[in-house]
Amino acid sequence: MTSFNLSDLAAIIADRAGSSAEKSYTKSLLDAGTHRVAKKFGEEAVELALATVDGDDMALTAEAADVLYHLLVILQARGVSVQDVLIELESRTKQSGHQEKASRPVSRS
Ligand SMILES: N=c1c2ncn([C@@H]3O[C@H](COP(=O)(O)OP(=O)(O)OP(=O)(O)O)[C@@H](O)[C@H]3O)c2ncn1[C@@H]1O[C@H](COP(=O)(O)O)[C@@H](O)[C@H]1O
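As the structure is a prediction and not an experimental result, all values here were calculated from the model.

Basis of the calculations
- Residues numbered from 1 in each chain as written.
- Predicted model: local features only at pLDDT ≥ 70, side-chain atom pairs only at ≥ 80, totals over all residues.
- Near = placed C-beta within 6 Å.
- Helix = DSSP H or I, 4+ residues; strand = E, 2+ residues; numbered from the N terminus.
- Nonpolar A, V, L, I, M, F, W, Y, C, P; charged D, E, K, R; others polar.
- Expected span 1.5 Å × (residues − 1).
- Axes fitted to C-alpha atoms, helices over the stretch in contact; angles between N-to-C directions.
- Parallel < 35°, antiparallel > 145°, perpendicular 65-115°, else oblique.
- Left-handed = near helix turned anticlockwise from the far one by under 90°.
- Contact = placed C-beta atoms within 7 Å.
- Buried ≥ 20, exposed ≤ 12 C-beta atoms within 10 Å, placed from the backbone.

Undergrad: How should I be thinking about the site of the ligand in this particular structure?
TA: Contacts to the ligand come from Leu 9, Ile 12, Arg 16, Ser 24, Tyr 25, Thr 26, Lys 27, Lys 40, Asp 66 and Tyr 69. Elements supplying a minimum of two residues to the shell around the ligand: helix 1 (6–17), helix 2 (25–31) and helix 4 (57–78). Residue composition of the shell around the ligand, grouped by class: four nonpolar, two polar and four charged.

Undergrad: Just checking my understanding: could you explain helix 3 (residues 34–54) for this structure?
TA: Three- or four-residue spacings in an α-helix give side chains the same orientation, since the helix completes a turn every 3.6 residues. For helix 3, which comprises 21 residues, the first-to-last C-alpha distance of 30 Å matches the rise-based estimate of 30 Å (1.5 Å per residue) to within 8%. Immediately downstream of helix 3, the backbone of Gly 55 shows phi near 90°, a positive value.

Undergrad: Sorry, what's going on with the packing of helix 1 against helix 4 here?
TA: Geometrically, a packed helix pair is captured by the angle between its two axes and the distance between the axes. Where helix 1 meets helix 4, the axes come as close as 10 Å, and the angle between the chain directions of the two elements is 55°. On the basis of the axis angle, helix 1 is oblique to helix 4. Seen from above, helix 1 lies across helix 4 with right-handed handedness. For the pair helix 1 and helix 4, the contacting residues are Leu 6, Leu 9, Ala 10, Ile 13, Ala 14 and Ala 17 in the first and Leu 68, Tyr 69, Leu 72, Val 73 and Gln 76 in the second.

Undergrad: Whenever I open this one, the environment of Ile 13 confuses me. Can you help?
TA: By the element assignment, Ile 13 lies in helix 1. What makes Ile 13 buried here is the crowd of 21 C-beta atoms within 10 Å. Between the alpha carbons of Ile 13 and Tyr 69 there is a distance of 8.7 Å; along the sequence they are 56 residues apart. Apart from residues no more than four positions distant in its own chain, Ile 13 is found in contact with Thr 26, Leu 72, Val 73 and Gln 76.

Set out below in structure tokens:
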């Protein structure tokens, strides 16, 4: 188990975006523009799709990590907060009833 989450990674990406780090892959990708960022995401998504049917769990894990990283780079490039995405996902759980279950007070009677 790890406490590292998508907001932590988004914060690292935002930090790199504002830096002048010459060796930052994130910075070089963002500097290349939204078309480049979108193309990279598409490539990684295809690699994830291929890994999905491959049956190699380690490869799938690595490709899923690539997709999540590149998704967060897209959000950074477009100025959309990962928190907004999480809020959107949370609103969907409310619609399907999961959130009500999770937040329902425990009866002590
Ligand atoms: N999670 C990642 C991450 N996942 C994948 N990648 C990079 O994404 C690239 C894509 O893989 P490819 O095989 O397509 O590599 P490539 O052919 O060199 O890439 P392109 O030239 O096609 O863009 C690789 O260079 C990986 O290193 C990542 N680069 C950075 N991070 C995170 O971002 C942080 C900041 O990294 P820097 O910006 O490099 O300081 C790191 O500490 C990590 O937490």
